[in-house]
Amino acid sequence: MTAMRTGFEAERASAAKRGDRGFLAAILLLAGVGVAALWSASSEYALSLGRSSGYFALRQAIFLLPAALAFWACAAVDLDALRARTGAATLIALGLMLLPFIPGLGENRNGATRWIDLRFTTFQPSELWKPAMVLYLAHILDKKRARMAESAGVLIPPFLLVALGCLLVYAQNDFSTAAIAGLTAIAVFWVALSPVSFFLGLGAAATPLAALSVLTSDFRLKRILAFFFPAYEPHGQGYQILGSLKAIRSGGFFGKGFGLGSLKRGSIPEVQSDFIFAAWTEETGFIGVVAVLSAFAFLAWRAFRVALAESDGYRSYLGMGMAFLLCLETLVNVAVAAGAVPATGMALPFFSAGGSSLISTAISCGLLYNLSASPSAAVGLGPAGEFPREASDV
Amino acid sequence: MGPTVNQRKLRYWTVFAVLGLSALLVVARYGYLAASPAQPKAAESADAERGTIADRNGRVLAMDSPLYNVAVWRPETKRAAFPGEAARLAAITGVSESEIMDRWSKGASDFFYLTKRALPQVARSVQEAKEGGAFEGVVVEKVPGRLYPEKRLASHLVGFVGDGNSGLAGMEKRGEDELLGEGRSLTLTIDADVQFSLEAIARKAMASTGAEAVMLLAADAKTGEILSYVAMPDFDPNDYSASPEEAWYDWPSVYHYEPGSVFKVFTMASVLDLGGADANTTFTCDGAYHKVTPSGEKITIKCLEVHGTVNIEKILEFSCNAGAAYASDRVESVDFYDRLRGFGFGSRTGIVVPGETPGLLRSPETWSLRSKPTIGMGQEIFVSAIQMTAAATAIANGGVLMKPQVVKRALERDGKVAYANEPQPVRRVVSAETASAILAAMEAASSEAGTGKRAKIADVRMAVKTGTAQMIDPATQRYSEKDYIASTLAIFPADDPRVIVYLAIVKPSLGPSYYGGRIAAPLVKEVAEAVLNVTGIPRGANPTIAHPGAVTLPAIVPVAIGDTMPNLTGVPKRLLMPLLARKDIKVRMSGEGYVVSQSPAPGAAVSVGTEVVLEFR
């Protein structure tokens, strides 16, 4: 249908391209529900800090402005022009991640050095690395598409660059973000038809490394132990999970009613960030879980549909990567709250308090919206079943 | 469509499939959680009230008492004001001023705790300062707290509560559903006064013997109620983390060990009841037990002395190993095993403490030819102190085993009785005659010649059995030459058993002896004295009058005056007050107390209009 645009519409689209309206609606819905959920979950905590009940929700609403700007910019940008600046974007993202290590600039919070102090707020550069990495991989894997079939060796340089980025995230003691970025990278490598031998080698190398990284970090081992034996350490990490599970159970199928949850009052530390979904579930029940996850699923389905139909390799990988990133972040956060995977400091897109996560989400969504407006999406795979050799406008 | 298209589609769809499957699993997990029982205790536990725990007389052993966390929310503090207030904040919270300033100026977190679980006066001081305009950014949080007013008293039985209001040990853990879920209060069977006295004795025993642990239990012989439950080392549940975790170990119920000679009580009761021997059956102890197996193997078990000719009574009086071993040969292994199971060995007593051990009594098909005589002497069998105490109820109680109980009753939130535990007979193990014969033999053990003479009290008949068990050295898997458990079981008064006391001292390392008769028996005497003093059980030479607790006064029978005047001398005035209501005679009274003089004199005629004058003093 996008191919049937009149000239006038196409002209207007070039400023802010007209993409998938369903996708846009889902984003607006999730952003609205997210701020409301945050307001309910954090009000007691804000009051206990001597703030007004809407303190965190208001902060979040203020962050919605730069997030909207980021979304609009990413939705409007010319993807080919963006692709041309892939190198610069990647280097900037990598460079930003060095900042937290600079004394005086980096801020250590809860045992992790992942924020930089911007005076008026703090920023977490690893949030920016995730979309930047997807942009880079989409570009490089499309470029090497032909050659990788001949030798998996051409994939080693991009792999090393991605690994460097993930290691920098890991060095900020942010294992979860590093893992999410790593898994997203693997997904993009996968859809870009990387040879199976590449994944076999990756698996052989990664297993001992992963085990080592868990065992060498006392803090991480404790989290994993607390996952298997939550009651063993009821004042530490297990305490968050136990509180979260209690909240989810007490919500039942229909919830206690919006704003009526009681467990958010102190029994789940950091409820406004990593465990906001537990508070949401307590208040809205299983129905609320299904509703929010359905909205996410709708979002993901629209995004994947675009990526699958895209005839251009770069755009397809980009869509796939961004959609995968959003899905993974959501699933991991929601699974952590339900005690299904070990606790991690992972934000829930649209819901968790924090500007960095919101802006990262806005960038991913903006690019996906941009793709949905792309004319090449309608064409689908070429008659030969392959993407055209050169990235081009159809 | 070429193969590449299919391959590409396959790659995309595998990603969708993995994500979709994961999403389904997560949704299923939420559905499962939503459908799982609402768990009122879990849902409300964070701020719910726990019921109190009290002793049998209502003395509170554990109660809720809110505590307070004091924290700083840095963005709210004033750069100009806070440094000036730090000294005052330090004085209130007990955190040093330099630490407060350090964390405020260069701490990693915007939100940090100064003190957790502080007492209400700390919170009050902070609040007052805040009302006066000071301490901006200082936050006070109320958290549920648990107070143990009697501190270490019965710490293992009462247990303790961790952060997040979850019971981690003792009744606090085992009774969590009731205490927290239903808000019930529990009344225990223990008597705080008895407990206090016995803990002092056990603590003294720890110090004087250098033991690794001491277990000391007292039970009501008739009902099986535990009156005192002592484990040493102990801890203060108000600050349980200050004690090493070993101090939390609930020795009497969780630890199992070979009991040694005290066990002969149950061996002899079994043999006697099975008809393997009677009071006249004798055995010859030449300093050891000898047996030649059909295969020609010679089995020898040493005795401490040459006891000569012994019967069942003498075996228990002298603690004769050879006699006990020979006696055990007179019954079938299976029957012997069944009786020991009947006493409760090899199974949990069901006492309400977490992690109770069933002990270890191997089934007879795995026994060697040595096993029966060895078990008869209390080795090759593992028991817990609570099992020993429970088994003794069968001896004290005419042959009927009682279930040991620690909870007397539970009260609902509104004070109504939720339930009261009645004494629970478990089963008849031996006949009443057997039980009384064993009691008599145990009483002989407290005679001047017996091994338990040091437990004897002058005015109360004591039935006693001592024991000194070798312990297996975990390093060599052989019996150690230096590690012993010295123990004593006492039932008193022997003629009408009221109380069972069991004391076990694990690995005594100081002092002149490690024998139960030497170090445990004298302590049991002290225990018995303490229990007798607190419970008011009648004593021979110095009888305590059993008082029912209420004074019954005779009903007031008004004195009647008929045709003749009765002798009223000594009659209290209050009995005569109804006379004032009489219209037919005039009664004048003077003074208070009892009648000292009267007119008319006794026996004189009384008619209408007669004036009666009574003088009281």
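Cut-offs used in this document
Residues numbered from 1 in each chain as written. Chains lettered and ligands numbered in written order. Predicted model: local features only at pLDDT ≥ 70, side-chain atom pairs only at ≥ 80, totals over all residues. Heavy atoms only, no water. Helix = DSSP H or I, 4+ residues; strand = E, 2+ residues; numbered from the N terminus. Buried < 20%, exposed > 50% of the residue type's maximum accessible area, 1.4 Å probe, protein only. Contact = heavy atoms within 4.5 Å. Areas by Shrake-Rupley, 256 points an atom, 1.4 Å probe, with all protein chains shown as cover. Salt bridge = Lys/Arg side-chain N within 4 Å of Asp/Glu carboxyl O. Phe/Tyr/Trp six-rings, centres within 6.5 Å; stacked < 30°, edge-to-face > 60°. Pairing = 2+ DSSP bridges. Axes fitted to C-alpha atoms, helices over the stretch in contact; angles between N-to-C directions. Parallel < 35°, antiparallel > 145°, perpendicular 65-115°, else oblique. Left-handed = near helix turned anticlockwise from the far one by under 90°. Patch = residues over 30% accessible without salt bridge, like charges linked within 9 Å, V, L, I, M, F, W, Y side chains within 5 Å.

**Student:** Teacher, can you tell me more about the overall build of chain B here?
**Tutor:** Secondary structure summary: chain B contains 19 helices and 25 strands in total. Taken across its 617 residues, chain B has 52% of its residues classed as buried. In chain B, of all internal contacts separated by at least 6 residues, the share reaching a separation of at least 24 is 69%. As presented, chain B carries roughly 27500 Å² of accessible surface, and 54% of it is formed by carbon and sulfur atoms.

**Student:** Hey, could you run me through the pattern of salt bridges in this one?
**Tutor:** Any two side chains of opposite charge can pair, so long as their charged atoms come close to each other. Here the structure, examined in full by the defined rule, presents 37 salt bridges over all chains. Salt-bridge contacts for K130(A) lead to E329(A); the nearest nitrogen and oxygen are separated by 2.5 Å. With K130(A) in helix α6 (residues 125-143) and E329(A) in helix α14 (residues 313-337), this residue pair connects regions lying 199 residues apart in the sequence. Take K130(A) and E329(A): they sit in the same class, and that class is buried. Of the charged contacts, one joins R50(B) and E172(B) as a salt bridge, the two residues approaching to 3.1 Å between their closest N and O atoms. Placement of the pair is R50(B) in the loop between α2 (40-44) and β1 (53-54) and E172(B) in helix α7 (residues 170-174), with a sequence separation of 122 residues. Residue classification places R50(B) among the buried residues on the basis of a relative accessible area of 4%. What emerges from the salt-bridge pattern is a single network uniting R50(B), D64(B), R146(B), E172(B) and E176(B).

**Student:** Please clarify how the packing of aromatic side chains should be interpreted in this entry.
**Tutor:** With the rule as written, the count across this model stands at 29 aromatic pairs over all chains. Look at F304(A) and F16(B): their rings are 4.6 Å apart centre to centre, the planes differ by 55 degrees, and that puts the pair in the tilted class. Note that F304(A) is positioned in helix α13 (residues 276-309) and F16(B) in helix α1 (residues 3-35), a pairing that runs across two chains. By the burial criterion, F304(A) is buried, and F16(B) matches it. Ring geometry for F336(B) against W367(B): centres 6.3 Å apart, planes inclined by 75 degrees, an arrangement best described as edge-to-face. Of this pair, F336(B) sits in helix α14 (residues 333-342) while W367(B) sits in the loop between α14 and α15 (371-376), placing them 31 residues apart in sequence. The structure contains a cluster of three or more aromatic residues connected by ring pairs, namely F159(A), F189(A), W190(A), F198(A) and F199(A).

**Student:** Which parts of the structure should I look at to understand the sheet that holds strand β3 (residues 67-73) of chain B?
**Tutor:** Sheet strands associate in pairs through backbone hydrogen bonding, adopting either a parallel or an antiparallel arrangement. All names here are of chain B. Strand order in the open sheet formed by three strands is β4-β3-β5, with antiparallel pairing between adjacent strands. Looking at which strands have only one partner, the edges of the open sheet turn out to be β4 (111-118) and β5 (138-143). Across this sheet, the average inter-strand angle for adjacent strands is 20 degrees, counted without regard to direction. Looking at chain direction, β3 and β4 are connected through five bridges and run antiparallel.

**Student:** Is there a simple way to think about the sheet that holds strand β22 (residues 499-506) of chain B in this case?
**Tutor:** All names here are of chain B. Here five strands make up an open sheet; going across it, the order is β11-β10-β22-β21-β20 and the pairing antiparallel. Each of the sheet's edge strands pairs with one partner strand only, and the pair in question is β11 (226-232) and β20 (463-473). Going from strand to strand, the sheet's axes swing by 10 degrees on average, the running direction of each strand aside. Pairing between strand β10 (residues 213-220) and β22: eight bridges, direction antiparallel. Looking across to β22, one finds that V214 is bridged to I505. Along the sheet, helix α16 (residues 385-396) makes contact with β10, β11, β21 (478-492) and β22, crossing β22 at roughly 150 degrees.

**Student:** In this structure, what is going on with the environment of Y136(A)? I would like to understand it.
**Tutor:** Residue and element names in this part refer to chain A. Tracing the sequence through the fold places Y136 in helix α6. As for Y136 and T86, which are separated by 50 residues in sequence, their C-alpha atoms are 5.9 Å apart. Contact partners of Y136, with chain neighbours within four places excluded, come to T86, T90, P158, L161 and V162.

**Student:** Whenever I open this one, the packing of α13(A) against α14(A) confuses me. Can you help?
**Tutor:** Two packed helices can be described by the angle between their axes and the distance between those axes. Residue and element names in this part refer to chain A. For the pair α13 and α14, the least separation of the axes is 10 Å and the interaxial angle reads 165 degrees. As judged from the angle between their axes, α13 and α14 are roughly antiparallel. Every pair of crossing elements has a handedness; the one defined by α13 and α14 is left-handed. In contact with F277, A278, L293, F296, L299, A300, A303, F304 and A307 of α13, α14 contributes S316, G319, M320, A323, F324, L326, C327, T330, N333, V334 and A337.

**Student:** Would you mind going over the packing of helix α3 (residues 55-76) of chain A against helix α15 (residues 355-372) of chain A with me for this structure?
**Tutor:** All names here are of chain A. The geometry of α3 relative to α15 is characterised by a closest axis approach of 7 Å and an angle of 30 degrees between their N-to-C directions. Compared by their axis directions, α3 and α15 come out roughly parallel. You can see that α3 and α15 cross each other, and the crossing is right-handed. The segment α3 lies against α15, with Q60, F63, L64, P66, A67, A70, F71, C74, A75 and A76 engaging G355, L358, I359, A362, I363, C365, G366, L367, Y369 and N370.

**Student:** Got a minute to help me understand a nonpolar patch on the surface in this structure?
**Tutor:** All names here are of chain A. Side chains of F253, F254 and I287 sit close together on the surface and give an oily, nonpolar patch of about 350 Å² of accessible area. Note on placement: F253 falls in the loop between α12 (237-251) and α13. On the basis of relative accessible area, F253 is assigned to the partly exposed category, the value being 37%.

**Student:** How should the environment of P497(B) be read in this particular structure?
**Tutor:** Residues and elements named next belong to chain B. Inspection of the secondary structure puts P497 in the loop between β21 and β22. Judged by relative accessible area, P497 falls into the buried class, the value being 8%. In this structure the C-alpha to C-alpha distance between P497 and D220, which are 277 residues apart in sequence, comes to 8.8 Å. With sequence-adjacent residues up to four places away left out, P497 is seen in contact with A221, K222, A396, L439, I491 and F492.

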